[in-house]
Amino acid sequence: MHDIQPVILCGGSGTRLWPLSRKSYPKQFAALVGERSLFQDTALRVSGEGFGAPLVVTASDFRFIATQQLAECGVDPGAVLIEPSARNTAPALLAAALKVEADTPGALMLALPSDHLIPDAAAFREAVQQGVAAARDGVLVTFGIRPHRPETGYGYLKLGKEGAGPVVPLERFVEKPDEVAARRMLDDGGYLWNAGIFLMSARALIAAFEAHAPQVLSAVRAAVDHAEPDLGFLRLEPEAWSRAPDISIDYAIMEKAERLGAVPFEGEWSDLGDWAAIWRQSGADEAGVGLHGPAHAIDCRDTLLRSEAGGQVIVGLGLEDIVAVALPDAVLVAHRDRAQDVKQAVDRLKAAGAPQATAFPKDHRPWGYFETLTLADRFQVKRIVVNPGAALSLQSHVHRSEHWIVVAGTARVTVDNVVSLVAENQSIYVPLGAVHRMENPGKVPMVLIEVQTGAYLGEDDIVRYEDLYARRPEDGNGKG
């Protein structure tokens, strides 16, 4: 009997949790509740006996973040599929199913979003086991949450008549309701929140696409058949992938398939889809005030105050039903009732051309990360952290020179044909046009301050000659 194959989808952008979640670093990789990221908690939830190594489906920009976070929490990944573009959950899950069936014919796959909160991992694994027999029999099993409030932000599952087993026949999927319909479904008792978690055999899912969405199957099969290995990742073929319709698994398959079942999950669950959901998980005090980071509340009620920068203090005075989230480059202040409308703020910033709409202040790279400390017309100051044993690409710039000051660790620096070791409190100058590289030969993170000067300081002013991480032009041509 095969282990269940977890399939973790982690390509979403999570704009309703702006400014903490942005396109360049979405919410699944952030520590929203507790010390680990939601992605790490998801992987740990389906690790151990009875589960195979997780198959991850993600975007090219996130592939190194995903594998690094798995390594940090001690999870060894299986295949990592790289989506050339976002095509929604149906193509992503189908690509995973084709890969699973090719590698382990007849295996069950457990499809999970990477950004949900389920504190009781043991209870969740027990619920998964309740669906195994039905899934092996060809039923497409989904998991639903017993609603405890009239929630308008979730889709619902309409249950059929309960039988003798733990899997209840699923009558239909229900779109996100208005307040009146949500209250009616809560009172009815025959509905579950749709958690977007599925257990099925890869073979049964492929057959469902053959019956109900053959156009998706043909495009995705071609993308998988012509996928290319890349440093342990598997890049789906872009041209074929682009022909796949942008459609969710619910619309493509679940609303049409005949053999559907649901396992009601009684434990705590949240998709942490907006700041109101974060507030509910914030450990609020008796006044309903939740605090995170250097935050203080004076005479506040039912309010979330969250500072994500250690040197930046947020203070609320006389607030009620307010969410305030402060990052170094952006601050959100909103009424809790408008938590699901934060995307409007992101759209407004995009229209204004503000980088804060999509770019996270800490820019993650396969070798570490950097953050901008000061940006002016002709100079920029950055803090750069390079992981032990990591190296930036061999590169040059057309419009800027750079001055590096090491503040922690030791850097091995190449400038044209000269290689130097630059220790803490030492510096080195990189002239405009020089071919250069920075490496960390040590066993602790290396930190330096970079001062750029020049007429143009954009991240696309870079010419790469060698790169340990085999980054391609479609991955972006940014720093390092």
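Residues numbered from 1 in each chain as written. Predicted model: local features only at pLDDT ≥ 70, side-chain atom pairs only at ≥ 80, totals over all residues. Heavy atoms only, no water.

1. Side note on the overall build of the protein chain
Test applied: For helices the rule is a DSSP run of H or I covering at least 4 residues; for strands it is a run of E covering at least 2, with both sets numbered from the N terminus onward. In this treatment the radius of gyration is a C-alpha quantity, and the globule benchmark scales as 2.2 Å times the residue count to the 0.38 power. Contacts are assigned to residue pairs that have any heavy atoms within 4.5 Å of one another. The Shrake-Rupley method, run with a 1.4 Å probe sphere, supplies the accessible areas, and residue values consider only the shown protein chains as cover. A residue counts as positive if it is Lys or Arg and as negative if it is Asp or Glu; His and the chain ends are not included. All charge positions are set by atom: Lys at NZ, Arg at CZ, Asp at CG, Glu at CD.
A count of helices and strands for the protein chain gives 12 helices and 28 strands. The globule rule puts the C-alpha radius of gyration for 480 residues at 23 Å, and the 24 Å found for the protein chain is close to it. Here the C-alpha coordinates of the protein chain stretch approximately 75 × 60 × 40 Å along the principal axes. If you take every contact in the protein chain between residues at least 6 apart in sequence, the share linking residues at least 24 apart comes to 68%. Of the roughly 20900 Å² that the protein chain leaves accessible, carbon and sulfur atoms contribute 51%. Where the 46 positive side-chain charges of the protein chain centre and where its 62 negative ones centre are 2 Å apart.

2. Overview of the sheet that holds strand β14 (residues 303–307)
Defined as follows: Here, a strand pair is defined by DSSP locating no fewer than two bridges between the strands. Under this scheme, a helix contributes an axis fitted over its contacting stretch, all axes are lines through C-alpha atoms, and angles between N-to-C directions fall in the 0 to 180 degree range.
Strand order in the open sheet formed by four strands is β12-β14-β16-β17, and the pairing between neighbours is mixed. In the strand order of this sheet, the two ends are held by β12 (289–292) and β17 (330–335), each with one partner. This sheet shows a mean twist of 5 degrees between the axes of neighbouring strands, independent of strand direction. In this structure, β12 lies alongside β14, joined through four bridges in parallel fashion. When the bridges of β14 are listed, histidine 292 appears paired with arginine 306.

3. Looking at the pairing of strand β3 (residues 80–83)
The line we're drawing: Summary of the burial criterion: residues with accessible area below 20% of their type's maximum are buried, those above 50% are exposed, and those between are partly exposed, where the area comes from a 1.4 Å probe applied to protein chains only.
Taking every second residue as pointing to the same face, both faces of β3 are buried, with Val80 and Ile82 on one and Leu81 and Glu83 on the other. Judged from the two bridges that link them, β3 and strand β10 (residues 233–235) form a sheet pairing that is parallel. Looking across to β10, one finds that leucine 81 is bridged to leucine 234.

4. Observations regarding the sheet that holds strand β27 (residues 446–454)
The strand order β18-β19-β20-β27-β22-β25 describes an open sheet built from six strands, whose pairing is antiparallel. Sheet topology places β18 (362–365) and β25 (427–430) at the edges, where each strand pairs with a single neighbour. Each strand axis lies, on average, 20 degrees off the axis of its neighbour in the sheet, ignoring direction.

5. What about unusual backbone geometry?
Cis geometry is adopted by the peptide bond preceding proline 19, which originates at tryptophan 18 and carries an omega value of 10 degrees. Within the fold, proline 19 resides in the loop between β1 (5–9) and α1 (38–45). Unusually for a residue other than glycine, leucine 272 sits at a positive phi of about 45 degrees. Within the secondary structure layout, leucine 272 lies in the loop between β11 (260–265) and α11 (275–280). The class of leucine 272 is buried, set by a relative accessible area of 0%.

6. Notes on the side chain of serine 270
In this fold, serine 270 is placed in the loop between β11 and α11. Not counting the four nearest positions on each side in its chain, serine 270 is found in contact with His116, Leu117, Tyr154, Ala277 and Gln281.

7. Some thoughts on the UniProt feature "domain: Mannose-6-phosphate isomerase type II C-terminal" (unreviewed entry) in the protein chain
The cut-off we apply is this: UniProt positions are given in the numbering used here, feature names are shortened, and annotations may be inferred rather than shown by experiment.
As annotated by UniProt and renumbered to match this structure, "domain: Mannose-6-phosphate isomerase type II C-terminal" (unreviewed entry) occupies residues 360–467. Structurally, residues 360–467 comprises 0% helix and 58% strand, and the distance from its first C-alpha atom to its last is 23 Å.

8. Observations concerning the packing of aromatic side chains
What counts here: Two rings belonging to Phe, Tyr or Trp (six-membered ring only in the last case) form a pair when the distance between their centres is within 6.5 Å. Interplanar angles under 30 degrees mark stacking, angles over 60 mark edge-to-face geometry, and anything in between is tilted.
Evaluated as defined, the whole model comprises 11 aromatic pairs. Between the aromatic rings of phenylalanine 124 and phenylalanine 143, the centroid separation amounts to 6.3 Å while the plane-to-plane angle is 50 degrees, which identifies the pairing as tilted. Of the two residues, phenylalanine 124 is situated in helix α4 (residues 121–130) and phenylalanine 143 in strand β5 (residues 140–145); the sequence distance between them amounts to 19 residues. Here phenylalanine 124 and phenylalanine 143 have matching classes, each one buried. Seen in terms of ring centroids, tyrosine 154 and tryptophan 193 are 4.9 Å apart; in terms of plane orientation they differ by 75 degrees. Their pairing is edge-to-face.

9. As for the nonpolar core
The condition is simple: Each nonpolar core is a collection of buried residues, namely Ala, Val, Leu, Ile, Met, Phe, Trp, Tyr and Cys, held together in the definition by side-chain atoms within 4.5 Å.
Among the nonpolar cores identified, the biggest contains 90 residues, and Leu110, Phe124, Phe143, Leu199 and Trp275 are the most heavily contacted of them. Among the elements that make up this core, the one with the highest residue count is strand β8 (residues 191–201) (five residues). Counting residues in each nonpolar core, the second largest holds 53 residues, with Val7, Val100, Phe173 and Ile249 among its members.

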